There are 2 protein chains.
Amino acid sequence: MRSLAILDSTLREGEQFIKTFFTLEQRVQIARWLDRLGVTFIELPSPIASPETRDSIQAICALGLQSHIVTHVRCVEADVLAALETNVYGLNLFFGTSTELRSNSHGRRIEQIVQQAVPLIQLIRTTGRYVRFSAEDAFRSDLVDLLTIFDAVVEAGVQRIGLPDTVGIATPRQVEQLVSLVASRYPGVGIEFHGHNDTGCAIANAIAAFEAGADCLDVTVMGIGERNGIASLSGIISQLYIHYPALLARYDLTQLMELEQYVAECLNINIPYNMPITAPSAFTHRAGVHTKAVLHNPNAYEILNPTDFGLARHVDIGSRFTGRYAVG
Amino acid sequence: MRSLAILDSTLREGEQFIKTFFTLEQRVQIARWLDRLGVTFIELPSPIASPETRDSIQAICALGLQSHIVTHVRCVEADVLAALETNVYGLNLFFGTSTELRSNSHGRRIEQIVQQAVPLIQLIRTTGRYVRFSAEDAFRSDLVDLLTIFDAVVEAGVQRIGLPDTVGIATPRQVEQLVSLVASRYPGVGIEFHGHNDTGCAIANAIAAFEAGADCLDVTVMGIGERNGIASLSGIISQLYIHYPALLARYDLTQLMELEQYVAECLNINIPYNMPITAPSAFTHRAGVHTKAVLHNPNAYEILNPTDFGLARHVDIGSRFTGRYAVG
Ligand SMILES: O=C(O)CCC(=O)C(=O)O
Ligand SMILES: O=C(O)CCC(=O)C(=O)O
Ligand SMILES: [Cu+2]
Ligand SMILES: [Cu+2]
């Protein structure tokens with residue numbers, strides 16, 4: 001069986017959501033919960049962002065969790081050196097590779113990106129830490145540019161390369177194509193996918209990436225992040241539950257609901273009704289045609305078993321929708 | 001260019017959402033708004049559900065909208081006769097065809113479904129109305145059962161057949177396969193897709209259906225519906241905007257935000273942060289790396305132009321995230 005790591009970025013990408021202002025205590029609590037649930041990686045911001053961020057990283061590293069703690073850092077010396085002064089398991093480097101980001105963000109040419117990244121990766125490898133290199137905005141990047149950079153960083157020793165759909169533009173088919181191409185070119189290296197939800201396909205894109213060869217998928221609790229966010233933890237879990245249940249063996253799925261409720265409380269929002277598994281309405285049946293059948297056998301209109309998540313089904317028999325149709 | 005009809009089912013599927021209790025006045029208001037936006041079909045519940053539903057149907061038919069008004073009715077004589085007494089443009093028939101629904105919902109065998117559906121379709125056709133037949137739970141239905149039924153209803157004269165992913169189990173690839181198969185078997189008939197969001201793929205599945213040959217996609221405002229709902233109107237619009245902009249020529253996209261806000265108010269909810277286009281955060285940039293680039297050129301982190309939807313971008317330069325990173 002192929003393996004799949006889930007990387008939770010609630011404490012990094014999720015902190016870029018407009019409603020997020022976590023305290024240190026909340027960050028620690030969320031990290032513990034993610035660990036109990038069983039995610040492989042927990043991603044944190046760069047320690048250079050602020051002294052407070054640095055303290056949070058050290059506090060979370062000190063918990064001694066099973067989940068690997070990685071810090072998300074720009075591919076510049078100051079960030080890497082600051083990261084190496086913390087106790088993180090590894091560094092998730094990123095560098096914008098599309099024309100849009102090269103000209104509007106950092107102004108570097110492809111050769112400059114390579115020249116900047118390679119020695120930093122080599123340095124990190126000498127310390128024995130895990131290192132991933134991600135081509136920010138990979139899906140608007142020229143393929144030659146992308147592969148030129150990946151050839152160099154793979155040669156320099158990265159353990160994983162990242163393909164983020166930074167602007168949420170990719171379709172499942174495009175994800176499948178790029179991931180399979182990269183997977184067959186770099187057979188010894190892991191592949192991570194990170195997909196934004198601007199056009200509503202983040203979950204489908206992540207699963208397409210896994211099916212095409214990615215071995216690490218980025219998520220956040222409730223999918224929070226920049227703009228419309230990224231793939232949600234519960235969405236990816238719902239997909240694996242249906243299509244690859246063996247990959248969930250190491251997870252304690254009963255933790256999901258409480259974790260999500262806790263994060264929702266921190267943000268002062270409700271869990272959206274469209275969240276797989278954890279939405280208040282996820283296991284509520286309302287139309288009469290539905291309630292009648294579900295009372296007979298839940299399998300009629302349910303593909304996930306709520307009890308596997310410590311949840312209960314609700315049949316809305318008080319609704320006006322159950323009147324005539326329920327008899328029919 | 002291929003054509004694509006959008007069917008909005010906010011007033012039918014959307015009424016199955018646990019928070020929905022529309023008044024007649026609200027239904028009329030929503031129908032007008034959908035018409036101004038430019039959707040091809042507006043789907044309403046069966047008139048047999050209640051006298052109040054019947055009155056709403058007649059009130060909306062009386063508006064003389066450009067959008068075609070269809071009623072969603074069980075494939076039984078009483079429902080069809082009641083529908084034919086209203087002024088609707090057409091009837092959207094449905095019948096559960098999976099083993100799960102046949103044994104737990106209506107108890108009919110495949111031959112019985114055919115025997116029940118064919119004369120009703122012929123009857124509807126004699127009145128000159130539009131008729132669609134949908135195989136409820138198509139993605140858990142046996143292919144032979146499905147095609148046996150479709151062969152018969154196509155022969156009986158339906159103008160469109162529906163392939164709903166009633167339980168939200170399908171992947172984009174499965175949708176692509178089933179839709180292409182059905183599209184090549186019934187070249188003279190339209191194909192409608194309706195996808196639930198239980199595993200977070202409703203939007204991706206709808207687009208996969210279109211790409212495989214479907215010519216009608218079901219949506220609701222904000223994706224509201226049973227359980228986690230279905231594909232959202234704004235999600236499908238965001239996809240078309242990026243990948244098939246010519247298909248949006250007939251739409252007035254500046255209506256979308258106000259329509260959605262109105263429905264959110266009716267339901268007493270906020271528009272979820274994960275909604276493409278209409279989420280309060282959809283065009284808000286927060287991380288320093290992002291804000292810096294977006295101030296230079298919005299294209300750096302934006303693939304949809306907010307002004308096309310009558311909206312504005314927001315650069316969150318007051319956030320702590322713009323500190324160090326923004327300088328970098
Ligand atoms: O480092 C990565 O792979 C992802 C960075 C990010 O948040 C993005 O590109 O959207
Ligand atoms: O009639 C249809 O095609 C859709 C009915 C429905 O809401 C469903 O199957 O989820
Ligand atoms: Cu991101
Ligand atoms: Cu439905």
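Residues numbered from 1 in each chain as written. Chains lettered and ligands numbered in written order. Predicted model: local features only at pLDDT ≥ 70, side-chain atom pairs only at ≥ 80, totals over all residues. Heavy atoms only, no water.

Going by the annotation in an unreviewed UniProt entry, the name recorded for chain A is Homocitrate synthase, with Dictyobacter vulcani given as the source organism.

Remarks on the site of ligand 1
Residues and elements named next belong to chain A. By nearness alone, every residue bordering ligand 1 is listed as Arg12, Glu13, His72, Phe94, Arg132, Ser134, Glu136, Pro164, Thr166, His194 and His196. Contact between ligand 1 and Ser134: an oxygen atom at 2.5 Å from a side-chain N or O atom of the residue. Considering ligand 1 on its own, with 290 Å² of exposed area, one finds that the protein chains cover 98% of that surface. Among the elements that take part in the shell around ligand 1, strand β5 (residues 130-136) stands out by supplying 3 residues, more than any other. (Near = heavy atom within 4 Å. Polar contact = N/O pair within 3.5 Å; in protein donor to acceptor, adjacent residues only side chain to side chain. Areas by Shrake-Rupley, 256 points an atom, 1.4 Å probe, with all protein chains shown as cover. Helix = DSSP H or I, 4+ residues; strand = E, 2+ residues; numbered from the N terminus.)

Digging into the site of ligand 2
All names here are of chain B. In the vicinity of ligand 2, the residues found are Arg12, Glu13, His72, Phe94, Arg132, Ser134, Glu136, Pro164, Thr166, His194 and His196. Contact with the protein chains covers 98% of the free accessible surface of ligand 2, which is 290 Å². When residues of the shell around ligand 2 are assigned to their parent elements, the largest contribution, 3 residues, is made by strand β5 (residues 130-136). In the shell around ligand 2, the residues fall into 2 nonpolar, 5 polar and 4 charged. (Nonpolar A, V, L, I, M, F, W, Y, C, P; charged D, E, K, R; others polar.)

Remarks on the relation of the copies chain A and chain B
The operation relating chain A to chain B is a screw motion whose rotation component is 180°, with 0.0 Å of axial translation and a residual RMSD of 0.0 Å. On the angle and the small slide along the axis, the relation comes out as a two-fold axis. A shared binding surface is used by both copies, with 100% of the interface residues of chain A retained as interface residues in chain B. (Least-squares fit on C-alpha atoms with pLDDT ≥ 70 in both. Contact = heavy atoms within 4.5 Å.)

Let's talk about the interface of chain A and chain B
Facing the 84 residues of chain A at the interface are 84 residues of chain B. Summed over both sides, the interface of chain A with chain B buries roughly 7,000 Å², with 52% coming from carbon and sulfur. When the shortest N-O distance is used, the salt bridge between Glu211 of chain B and Arg173 of chain A registers 3.8 Å. The tally of links between chain A and chain B comes to 33 residue pairs in polar contact (both at pLDDT 80 or more). Going through the elements one at a time, β3 (68-74), α4 (99-106), α7 (172-185), α8 (202-212), α9 (233-243), β9 (284-285), α11 (288-296) and α12 (324-327) of chain A are the ones with two or more residues in the side of chain A that touches chain B. Split by residue class, the side of chain A that touches chain B holds 34 nonpolar, 29 polar and 21 charged. (Buried area = accessible area lost by both parts, 1.4 Å probe. Salt bridge = Lys/Arg side-chain N within 4 Å of Asp/Glu carboxyl O.)

Re the packing of helix α7 (residues 172-185) of chain B against helix α8 (residues 202-212) of chain B
Residues and elements named next belong to chain B. Interaxial distance between α7 and α8 falls to 8 Å at its minimum, and their mutual angle equals 30°. Comparing the axis directions of α7 and α8 gives the class roughly parallel. The two elements α7 and α8 meet at a crossing, and its hand is right-handed. Between α7 and α8, the contacting residues are Pro172, Val175, Glu176, Val179, Ser180 and Ala183 on the first element and Ala204, Asn205, Ala208, Ala209 and Ala212 on the second. (Axes fitted to C-alpha atoms, helices over the stretch in contact; angles between N-to-C directions. Parallel < 35°, antiparallel > 145°, perpendicular 65-115°, else oblique. Left-handed = near helix turned anticlockwise from the far one by under 90°.)

Some points on the coordination of the copper ion (ligand 4)
Residue and element names in this part refer to chain B. Of the protein atoms, only Glu13 (OE), His194 (NE2) and His196 (NE2) coordinate the copper ion (ligand 4), at distances of 2.0 to 2.1 Å. Every donor residue of the copper ion (ligand 4) comes from the same chain, spaced as E-x180-H-x1-H. Of the two residues, Glu13 is situated in the loop between β1 (5-8) and α1 (24-37) and His194 in strand β7 (residues 190-195); the sequence distance between them amounts to 181 residues. Neither residue differs from the other here; Glu13 and His194 are each classed as buried. (Donors = N, O, S within 2.8 Å, 3.2 Å for Na, K, Ca; no water. Buried < 20%, exposed > 50% of the residue type's maximum accessible area, 1.4 Å probe, protein only.)

Side note on the nonpolar core
Within the largest apolar cluster, 215 residues are counted, with the highest numbers of intra-cluster contacts made by Phe133, Met222 and Leu233 of chain A together with Phe133, Met222 and Leu233 of chain B. Not counting residues up to four positions away in its chain, the partners in contact with Leu233 of chain B are Ile6, Asp8, Leu34, Leu37, Val39, Val219, Thr220, Val221, Leu256 and Leu259 of chain B. (Core = buried A, V, L, I, M, F, W, Y, C linked by side-chain atoms within 4.5 Å.)

Some details on α4 of chain A
Residues and elements named next belong to chain A. By the criterion of burial, α4 is predominantly enclosed, with 6 of the 8 residues buried. Within the sequence span of α4, burial applies to Glu100, Leu101, Arg102, Asn104, Ser105 and His106. In the stretch just after α4, Gly107 is the one whose phi turns positive, near 70°.

Digging into the packing of helix α6 (residues 143-156) of chain B against α7 of chain B
Residues and elements named next belong to chain B. At a closest axis distance of 12 Å, the pairing of α6 and α7 adopts a crossing angle of 35°. Two packed elements cross with a definite hand, and for α6 against α7 that hand is right-handed. Residues Leu143, Leu146, Leu147, Phe150 and Asp151 of α6 pack against Leu178, Leu181, Val182 and Arg185 of α7.

Let's talk about the confidence of the model for chain A
All names here are of chain A. Of all residues in chain A, 97% have pLDDT values of 70 or greater, and the mean over the chain is 95. Segment residues 322-328 is flagged for pLDDT under 50; beyond a separation of four residues in sequence, or across chains, it makes 18 contacts in the model. Per the prediction output, this complex has pTM 0.95; the corresponding ipTM is 0.94. (pLDDT = per-residue confidence, 0-100.)

A closer look at the coordination of the copper ion (ligand 3)
Residues and elements named next belong to chain A. The coordination sphere of the copper ion (ligand 3), as far as protein atoms go, consists of Glu13 (OE), His194 (NE2) and His196 (NE2), spread over 2.0 to 2.1 Å. Of note, the donors binding the copper ion (ligand 3) are all from one chain and are spaced E-x180-H-x1-H. His194 gets classed as buried once you look at its relative accessible area, which sits at 7%. The buried category is assigned to His196, whose relative accessible area is 3%.

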